[in-house]
Amino acid sequence: MTIRFDNRVAIVTGAGNGLGRAHALLLASRGAKVVVNDPGGAVDGKGGNHAAADQVVAEIKAAGGVAVPNYDSVADPKSAANIVKTAVDSFGTVDIVVNNAGVLRDKTFHNMTVEDFDFVVKVHFLGTAYVTHAAWPIMRNKAYGRVVVTSSNSGIYGNFGQSNYGGAKLAVVGFMNALRLEGQKYNVFINALAPVAGTRMTESLMTPEALEKLKPEYVSPMVAYLCSEQCQRTGEIWSAGAGYFARIEYREAPGVRIEGRAPTIEDVEANIEKIADLTTNKIYRTSGEEVQAVVGA
Ligand code: NAI
């Protein structure tokens with residue numbers, strides 16, 4: 001059956017370019033009323049203009065869809081709340097929050113200023129928390145909501161020169177892990193996306209052939225699915241790019257237990273290969289499950 005979003009109100013942050021634009025266009029094409037949030041500005045977050053959001057709103061309208069622009073930054077609690085207010089004032093509620101806004105300030109850690117560190121964490125991590133925090137009571141009260149946070153393989157697996165970005169991108173996964181537990185019984189589901197796409201953020205790193213394969217539009221079906229009523233999954237991480245879709249999961253080794261006496265540094269040294277051995281492994285879904293494994297029977 002065709003998946004639709006009629007009567008659903010979606011906020012897509014950073015929807016003026018790249019992935020956010022593609023997510024917004026897809027959701028709107030299937031009936032969602034969309035708040036196209038984007039303050040404009042360069043990849044490093046400097047500057048700003050209304051053109052980015054306005055253009056995507058115009059594209060949605062030209063295709064027969066419903067959208068309003070919003071130019072607030074996610075990186076401030078008040079302006080983030082105003083993004084949610086735009087949805088409520090324009091369309092009466094909010095059902096879907098796609099936290100997509102992002103910036104880059106890449107440098108090796110030893111060359112990075114704390115300002116560049118703070119700024120990137122603010123946009124990606126705190127921005128996600130601020131916008132979701134403003135929308136959360138609305139979704140919780142009506143027992144319906146779908147939230148997407150945008151992570152990255154940079155945070156999950158590591159990328160040179162992205163300590164600020166990688167840290168923030170894994171922070172949103174930790175954030176999701178708690179909200180999965182808090183939102184589940186209210187039918188508010190939250191998932192994390194780890195996208196790969198050719199956008200202004202990544203195009204300088206890609207060949208024309210790669211850019212052709214890595215269209216943002218090839219990621220958006222995963223986001224739209226995660227935002228749909230049909231999706232009953234929550235608290236998981238999804239890789240998407242170039243038509244490839246895969247779930248990502250942590251795993252933990254069976255480990256080693258030193259019993260009957262206090263463990264020593266030398267116990268760790270003697271067993272380090274076995275402690276590290278993931279040949280067989282376990283997946284835990286909550287911190288409580290893992291603590292039980294640590295404590296043992
Ligand atoms: P992009 O630069 O085309 O889009 C990011 C958008 O966020 C821009 O329109 C920008 O104006 C907006 N934005 C920046 N600061 C903002 C703020 N404070 N408030 C609201 N909007 C703001 O980049 P792209 O590639 O589309 O990135 C989208 C998301 O996907 C980002 O979170 C990025 O980190 C993430 N991502 C992208 C990957 C890729 O391969 N393109 C890989 C992994 C993650």
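Everything numeric in this text was worked out from a predicted model, so none of it was measured.

A.B. asks: Where do I start with the overall build of the protein in this structure?
C.D. replies: Assigned secondary structure in the protein consists of 10 helices and 8 strands. Over its C-alpha atoms the protein spans a radius of gyration of 21 Å, differing by no more than 12% from the 19 Å that the globule rule assigns to 297 residues. With the principal axes as the frame, the protein shows a C-alpha extent of 70 × 45 × 40 Å. Burial status across the protein gives 44% buried among its 297 residues. Counting only contacts in the protein whose residues sit at least 6 apart along the sequence, the fraction spanning at least 24 positions is 70%. Only carbon and sulfur atoms are counted for the fraction: they give 55% of the accessible area of the protein, which is about 14,800 Å². Treating the 29 positive side-chain charges of the protein as one cloud and the 30 negative ones as another, the clouds have centres 7 Å apart.

A.B. asks: Please explain the pairing of strand E1 (residues 9–12) as it appears in this structure.
C.D. replies: Neither face of E1 is left uncovered, since the one carrying Val 9 and Ile 11 and the one carrying Ala 10 and Val 12 both have all their residues buried. Following the backbone out of E1, through helix H1 (residues 18–29) and into the adjacent parallel strand E2 (residues 33–37), one traces a crossover that is right-handed. Judged from the 3 bridges that link them, E1 and strand E4 (residues 96–99) form a sheet pairing that is parallel. Bridge pairing in E4 places Val 12 opposite Val 98.

A.B. asks: Sorry, what's going on with the UniProt feature "domain: Ketoreductase" (unreviewed entry) in the protein here?
C.D. replies: Mapped onto this numbering, the UniProt entry annotates "domain: Ketoreductase" (unreviewed entry) at residues 8–199. Along residues 8–199 the backbone is 49% helical and 17% strand, and the end-to-end C-alpha distance reaches 27 Å.

A.B. asks: What is the right way to look at the environment of Pro 216 in this model?
C.D. replies: When you line up the elements, Pro 216 lands in the loop between helix H7 (208–213) and helix H8 (220–226). According to the relative accessible area criterion, Pro 216 is buried, its value standing at 12%. Residues in contact with Pro 216, not counting those within four places in the same chain, are Gly 18, Leu 19, Ala 22, Ala 197, Gly 198 and Thr 199.

A.B. asks: So what exactly am I meant to see when it comes to the site of the ligand here?
C.D. replies: In the region of the ligand, 28 residues are neighbours, and Asp 38, Asn 100, Tyr 165, Thr 199 and Arg 200 sit closest. In this structure, Val 74 approaches the ligand through a main-chain N or O atom, which is 3.0 Å from a nitrogen atom. If the ligand stood free it would expose 830 Å²; the protein chains cover 97% of that surface. Breaking the shell around the ligand down by element, the ones donating at least two residues are H1, helix H4 (114–142) and helix H6 (163–183). Tallied by class, residues from the shell around the ligand come to 11 nonpolar, 14 polar and 3 charged.

A.B. asks: Would you mind showing me how to read the packing of H4 against H6 here?
C.D. replies: One can describe the packing of H4 onto H6 by two numbers: an axis separation of 8 Å at closest approach and a directional angle of 20°. One finds that H4 runs roughly parallel with respect to H6. The way H4 lies across H6 gives a crossing that is right-handed. The segment H4 lies against H6, with Asp 116, Phe 117, Val 120, Val 121, His 124, Phe 125, Thr 128, Ala 129, Thr 132 and Trp 136 engaging Ser 163, Asn 164, Tyr 165, Ala 168, Lys 169, Ala 171, Val 172, Phe 175, Leu 179, Glu 182 and Gly 183. Broken down by class, the residue content of the contact of H4 with H6 amounts to 12 nonpolar, 6 polar and 3 charged.

A.B. asks: Can you help me understand the packing of H1 against helix H2 (residues 51–62) in this one?
C.D. replies: Axis angle and axis distance: for two packed helices, these are the angle between their axes and the distance between the axes, and together they describe the pair. The interhelical angle for the contact between H1 and H2, taken along N-to-C directions, is 25°, at an axis separation of 10 Å. Relative to H2, the element H1 is oriented roughly parallel. By crossing handedness, the relation of H1 to H2 is classed as right-handed. Between H1 and H2, the residues in contact are Arg 21, Ala 24, Leu 25 and Ala 28 and Val 56, Glu 59 and Ile 60, respectively.

A.B. asks: Would you mind showing me how to read a nonpolar patch on the surface here?
C.D. replies: Taken together, the side chains of Val 256, Val 268, Ile 272 and Ile 275 define a hydrophobic patch exposed on the protein surface, amounting to about 280 Å² of accessible area. Inspection of the secondary structure puts Val 256 in the loop between strand E8 (244–248) and helix H9 (265–276).

A.B. asks: Hey, could you run me through the pairing of strand E7 (residues 237–241) in this one?
C.D. replies: Regular strands have side chains that alternate between both faces of the sheet. Counted residue by residue, E7 has 5 buried out of 5 residues, so it is predominantly covered. Across the two faces of E7 the burial is the same, with Ile 237, Ser 239 and Gly 241 and Trp 238 and Ala 240 all buried. Alignment of strand E6 (residues 188–195) against E7, held across 4 bridges, turns out to be parallel. Of the residues in E7, the one forming a bridge with Ala 194 is Ser 239. Count of turn residues in the E7/E8 antiparallel hairpin: 2 residues, of which Ala 242 carries a positive phi of about 55°.

Definitions and cut-offs
Residues numbered from 1 in each chain as written. Predicted model: local features only at pLDDT ≥ 70, side-chain atom pairs only at ≥ 80, totals over all residues. Heavy atoms only, no water. Helix = DSSP H or I, 4+ residues; strand = E, 2+ residues; numbered from the N terminus. Rg over C-alpha atoms; globule rule 2.2 N^0.38 Å. Buried < 20%, exposed > 50% of the residue type's maximum accessible area, 1.4 Å probe, protein only. Contact = heavy atoms within 4.5 Å. Areas by Shrake-Rupley, 256 points an atom, 1.4 Å probe, with all protein chains shown as cover. Lys, Arg positive; Asp, Glu negative; His and termini not counted. Charge placed at Lys NZ, Arg CZ, Asp CG, Glu CD. Right-handed = clockwise from strand over helix to strand, strands pointing away. Pairing = 2+ DSSP bridges. UniProt positions renumbered as here; feature names shortened; annotations may be inferred. Near = heavy atom within 4 Å. Polar contact = N/O pair within 3.5 Å; in protein donor to acceptor, adjacent residues only side chain to side chain. Nonpolar A, V, L, I, M, F, W, Y, C, P; charged D, E, K, R; others polar. Axes fitted to C-alpha atoms, helices over the stretch in contact; angles between N-to-C directions. Parallel < 35°, antiparallel > 145°, perpendicular 65-115°, else oblique. Left-handed = near helix turned anticlockwise from the far one by under 90°. Patch = residues over 30% accessible without salt bridge, like charges linked within 9 Å, V, L, I, M, F, W, Y side chains within 5 Å. Salt bridge = Lys/Arg side-chain N within 4 Å of Asp/Glu carboxyl O.

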